[in-house]
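Breakdown of the fold
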There are 2 protein chains.
Amino acid sequence: MNLPPLIQSFVLHFGEMGSRWGINRTVGQIYALLFVADRPLNADDLVDALGLSRGGVSMGLKELQSWNLVQLRHLPDDRRDHFVTPDDVWVIMRTLVEERKKREIDPTMTVLRELMLQTPHDAAEAHAQGRMSAMHDQIELLTAWYADVQRLETERLVQLLSLGSRIVKALEFKDRLFAVPGGKRESGS
Amino acid sequence: MNLPPLIQSFVLHFGEMGSRWGINRTVGQIYALLFVADRPLNADDLVDALGLSRGGVSMGLKELQSWNLVQLRHLPDDRRDHFVTPDDVWVIMRTLVEERKKREIDPTMTVLRELMLQTPHDAAEAHAQGRMSAMHDQIELLTAWYADVQRLETERLVQLLSLGSRIVKALEFKDRLFAVPGGKRESGS
DNA sequence: CGACTATTTCAATAATTATTGAAATATTGA
DNA sequence: TCAATATTTCAATAATTATTGAAATAGTCG
């Protein structure tokens, strides 16, 4: 590996964390280097900088492309493929959430929806179905929330996040605004 | 494996998804069964129901305990350890987020903070450090937001999530409430 | 087309991770 | 304490996943 120390530390860390993030070391290192690079890099650059094999870089780039985490870029008078990550970290985060949802959540929701349609045969299955239903409804709420806020411009999203739990003050205020006069009473505290 | 069909489908799915979620099949299956079970289960129950080895169940339960995803429970007149998951799916979600943050985000933040302190030696390192800084600041914003809303009671949290992007209306309203008269002008669109 | 360069594929193998099951250890109750 | 039972550990091995590098394929330009 042939990199300035600051960049090398970052790249090595991403490689190590790869396994916790569900990607392998190679992919983690490639992504890290593309993220911090100040110009588009080609496969040769990555092979030289990271000391990986040709094939490994090709496969790694293919995987990163399937995640929409890197973009193909062509440079004038150079027919090799070059790659970049988006400049905007918020764009990257949105992609990451979307892709992880697609891989880690959607398949489970499909299964849960199917299992909800079945008729339980005994008390144990009925209880299990209730638990699955609770899981389904919770995930639905979370993903619907994300689908909603994801539509906001980044500037607005950052505002919203910066507000943190202070948003609750606004919520409490809203309660009064949107309250149905004589509406349902709450059972809790 | 000896389970009612509804529960078996759920358990098998969790086993398959395990690898995408960073846990193994055994752990996924054990967790799934505990989640839908209508009573605390012991290691024998899990061995019988899932057809796993004794040692495998022991290790799986240990891992789930290290994630705080299952709780040890003792039944009267039975000295075997039994296990349950929390009844409340929101408690489970909070645990999951906290533990994933601890394993998947905190180590990177530590590295990023260290790398921010270094002095770049050339333009490439300076650019890289800027990128790392952007990543650091974004993660900080997201985790600070979560640390904040995580303190809310579940009922309030669900309210907040149910509101989705409609919260922005409240935000726009708040802009006017908290605006500093003659305050700083924005540079963007 | 044909020479050249870039990229991908894939079989071989290295490395890692998961799983078993028997032995060791720990715990309980008499 | 001892016998019985419960739990954990861990060496062996199975299974999976990562990685290489050479060959095949695809693409480009004269």
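Everything numeric here is computed off the predicted structure, so don't read it as measured data. (Residues numbered from 1 in each chain as written. Chains lettered and ligands numbered in written order. Predicted model: local features only at pLDDT ≥ 70, side-chain atom pairs only at ≥ 80, totals over all residues. Heavy atoms only, no water.)

So, the overall build of chain A
For clarity, the threshold we go by: Here a helix means four or more residues in a row that DSSP labels H or I, a strand means two or more in a row labelled E, and each is numbered from the N terminus. The buried label goes to any residue with under 20% of its type's maximum accessible area, the exposed label to any with over 50%, and the partly exposed label to all in between, with areas taken from a 1.4 Å probe on protein chains only. Note on definitions: a residue-residue contact is assigned when non-hydrogen atoms from the two residues lie within 4.5 Å. Only the protein chains shown count as cover for residues, and the accessible areas themselves come from Shrake-Rupley with a 1.4 Å probe.
Scanning chain A from terminus to terminus reveals eight helices and three strands. When the helices and strands of chain A are read in sequence order from the N terminus, they spell out α-α-β-α-α-β-β-α-α-α-α. Every one of the 189 residues in chain A was classed for burial, and the buried ones make up 43%. Within chain A, residue pairs in contact and separated by at least 24 positions form 49% of the contacts whose partners lie at least 6 positions apart. Of the roughly 10,500 Å² of accessible surface on chain A, a fraction of 53% belongs to carbon and sulfur atoms.

A few points about the packing of aromatic side chains
Threshold: Here is the rule: rings of Phe, Tyr and Trp (six-membered ring for Trp) pair when centre to centre is within 6.5 Å. Planes less than 30 degrees apart are stacked, more than 60 are edge-to-face, and the remainder are tilted. As a reminder, the over-ring test applies to NZ of lysine and CZ of arginine, requiring each to be within 6 Å of the ring centre and within 35 degrees of the ring normal.
Counted according to the given criterion, the structure contains nine aromatic pairs over all chains. Ring geometry for Phe10 of chain A versus Phe14 of chain A: centroids 4.7 Å apart, planes at 35 degrees, classification tilted. Highlighted residues: Phe10 of chain A and Phe14 of chain A, both in helix H1 (residues 5–17), separated by four residues, approximately one helical turn. Between Phe14 of chain B and Trp21 of chain B, the ring centres sit 4.9 Å apart and the planes meet at 75 degrees, which makes this aromatic pair edge-to-face. Through pairs of rings, three or more aromatic residues link up here, namely Phe10, Phe14, Trp21, Tyr31 and Phe35 of chain A. In this arrangement the basic side chain of Arg103 of chain A is found over the ring face of Trp67 of chain A, its NZ or CZ atom lying 4.0 Å from the centre.

A look at the interface of chain A and chain B
This is how the line gets drawn: Note: buried area is the sum, over both parts, of the accessible area (probe 1.4 Å) each one loses when the two are combined. Whenever Lys or Arg places a side-chain nitrogen within 4 Å of a carboxyl oxygen from Asp or Glu, that contact is recorded as a salt bridge. By the criterion applied in these results, polar contacts are pairs of N or O atoms within 3.5 Å in which, for protein atoms, one can donate a hydrogen and the other can accept it, and in which residues neighboring in sequence qualify only through two side-chain atoms.
The interface of chain A with chain B comprises 67 residues on the first partner and 67 residues on the second. In total, chain A and chain B occlude about 6,400 Å² of area from one another, counting both sides; carbon and sulfur atoms represent 67% of this. Of all residues in chain A, the largest losses of buried area upon contact with chain B belong to Leu6, Arg131 and Trp145 of chain A, amounting jointly to 12% of the total for that side. At the boundary of chain A with chain B, the tally comes to two salt bridges. The interface formed by chain A and chain B contains 22 residue pairs in polar contact (both at pLDDT 80 or more).

Topic: the environment of Asp106 of chain B
Its place among the elements puts Asp106 of chain B in helix H5 (residues 89–116). Once the C-alpha coordinates of Asp106 of chain B and Thr143 of chain B are considered, the two residues, 37 residues apart in sequence, prove to be 9.7 Å apart.

Some thoughts on the confidence of the model for chain A
Going by this rule: For every residue, the predictor states its confidence as a pLDDT score lying anywhere from 0 to 100.
Looking at chain A, the pLDDT average stands at 91 and 89% of residues meet or exceed 70. Counting interchain partners and residues more than four positions distant, the pLDDT-below-50 stretch residues 183–189 of chain A has one contact.

A few points about the sheet that holds strand S3 (residues 82–84) of chain B
Residue and element names in this part refer to chain B. Applicable threshold: Here the rule is simple: two strands pair whenever DSSP picks up at least two bridges between them.
Strand order in this open sheet of three strands is S1-S3-S2, and the pairing throughout is antiparallel. Each edge of the open sheet carries a strand with a single partner, namely strand S1 (41–42) and strand S2 (71–73). In this structure, S1 lies alongside S3, joined through two bridges in antiparallel fashion. Bridge pairing in S3 places Asn42 opposite His82.

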